[in-house]
Amino acid sequence: MTAIDTGSSHAQRMDRMYRTQRHFYDLTRKYYLFGRDTLIRGLDVPAGSSVLEIGCGTGRNLALIGRRFPQARLFGLDISAEMLVSAEAKLGRPGRTKTVLRVADATDFQPPEFGETGFDRIVISYALSMIPDWEKAIDAAIAALNPGGSLHIADFGQQERLPRLFQRLLQAWLKRFHVTPREAMVTVLTANAARFGDAVDFRPIGRGYAWLFVYTRSSK
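One structure accompanies this document, and this report is about it. Given the structure is predicted, the values throughout are model-derived calculations rather than measurements.

## Brief notes about the sheet that holds strand β6 (residues 199-205)
- Spatial strand order, β3-β2-β1-β4-β5-β7-β6: 7 strands in an open sheet with mixed pairing. The strands lining the two open edges of the sheet, one partner per strand, are β3 (99-103) and β6. Adjacent strand axes in the sheet meet at a mean angle of 15°, parallel and antiparallel pairs treated alike.
- As paired strands, strand β1 (residues 50-54) and strand β4 (residues 119-125) are joined by 4 bridges and run parallel to one another. Paired with L52 across the bridge in β4 is I122.
- The sheet contacts of helix α8 (residues 185-196) involve β5 (145-156), β6 and β7 (210-216), and relative to β7 the element is tilted by about 10°.

Next comes the structure, spelled out in structure tokens:
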């Protein structure tokens, strides 16, 4: 892994948070980060295509993507160097698809940093709700897509069809971990699709507990 020093307060906060949490992150998150596996199943990665995960964390999703699409070329970035220590260990095991990892800011990265001109698939799984400038992260992801490529997002929804008490309790609990569900995500992605002539598909799951998006760039 080639480290890039972002020097940001967000990076420092994430490193402090995950210095210890990275050791049990996957075990605890599997109970409430719904939709990640649904997202992975829908990637439909052609052989030889490139897949980047933004906010790849411990590498859990990239490991599953590599298992499901063994001929894909895998890349990952995360602002937390601490998390990438776990990702390198997980993805470096024998039999795993080779993965290029970088410490980088989701709002300010370029495909050439990974030796690519663009990516065929980009995944953002439960990261936008933790990125302060999340709209810039979406802009950067769209800009990094190859023509015809797609951006796949899973994140907390607004729990719009769940009891109001559940919504209040969940969002109060998430706030303790610097997590803020992005109510405007549908509007932002739809506006980008209209601006660039692209397409976006939106699907809430779990009565709005989670939101899934597939944003597809025009092939022109």
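This is not the end of the story, as more comes after the structure.
## Details of the environment of P204
- Tracing the backbone shows P204 in strand β6.
- For P204, a relative accessible area of 40% gives the class partly exposed.
- For the pair P204 and Q159, spaced 45 residues apart in sequence, the C-alpha to C-alpha distance is 9.1 Å.

## Quick word on the pattern of salt bridges
- Scanning the model with the defined rule gives 3 salt bridges in all.
- In this structure, E116 engages R73 in a salt bridge whose closest nitrogen and oxygen atoms are separated by 2.7 Å. On the criterion of sequence distance, the pair formed by E116 in the loop between β3 and β4 and R73 in strand β2 (residues 73-78) is long-range, its members being 43 residues apart.
- E116 sits in the buried class, given a relative accessible area of 15%.
- The partly exposed category is assigned to R73, whose relative accessible area is 34%.

## Some details on the packing of aromatic side chains
- Applying the stated criterion across every chain, the model contains 11 aromatic pairs.
- Relative to F156, the ring of Y126 has its centre 4.8 Å away and its plane inclined at 80°; by these criteria the two rings are edge-to-face. Placement of the pair is Y126 in the loop between β4 and α6 (134-143) and F156 in strand β5, with a sequence separation of 30 residues. Taken as a pair, Y126 and F156 share a single burial class, namely buried.
- Note on F156 and Y209: the rings are 5.9 Å apart at their centroids and 65° apart in plane angle, and the pair reads as edge-to-face. Of this pair, F156 sits in strand β5 while Y209 is found in the loop between β6 and β7, placing the two residues 53 residues apart along the sequence.
- Here the aromatic cluster, defined as three or more aromatic residues joined through ring pairs, consists of F34, Y126, F156, F166 and Y209.
- Cation over ring: R217 sits above F196, and NZ or CZ is 5.1 Å from the ring centre.

## What about α6?
- Inspection of α6 places W134, A137, I138, A140, A141 and I142 among the buried residues, and these make up the whole buried set.
- As for α6, its buried residues are in contact with β1, β4, β5, α8 and β7.

Cut-offs used in this document
Residues numbered from 1 in each chain as written. Predicted model: local features only at pLDDT ≥ 70, side-chain atom pairs only at ≥ 80, totals over all residues. Heavy atoms only, no water. Pairing = 2+ DSSP bridges. Helix = DSSP H or I, 4+ residues; strand = E, 2+ residues; numbered from the N terminus. Axes fitted to C-alpha atoms, helices over the stretch in contact; angles between N-to-C directions. Contact = heavy atoms within 4.5 Å. Buried < 20%, exposed > 50% of the residue type's maximum accessible area, 1.4 Å probe, protein only. Salt bridge = Lys/Arg side-chain N within 4 Å of Asp/Glu carboxyl O. Phe/Tyr/Trp six-rings, centres within 6.5 Å; stacked < 30°, edge-to-face > 60°. Lys NZ or Arg CZ within 6 Å of the ring centre and 35° of its normal.

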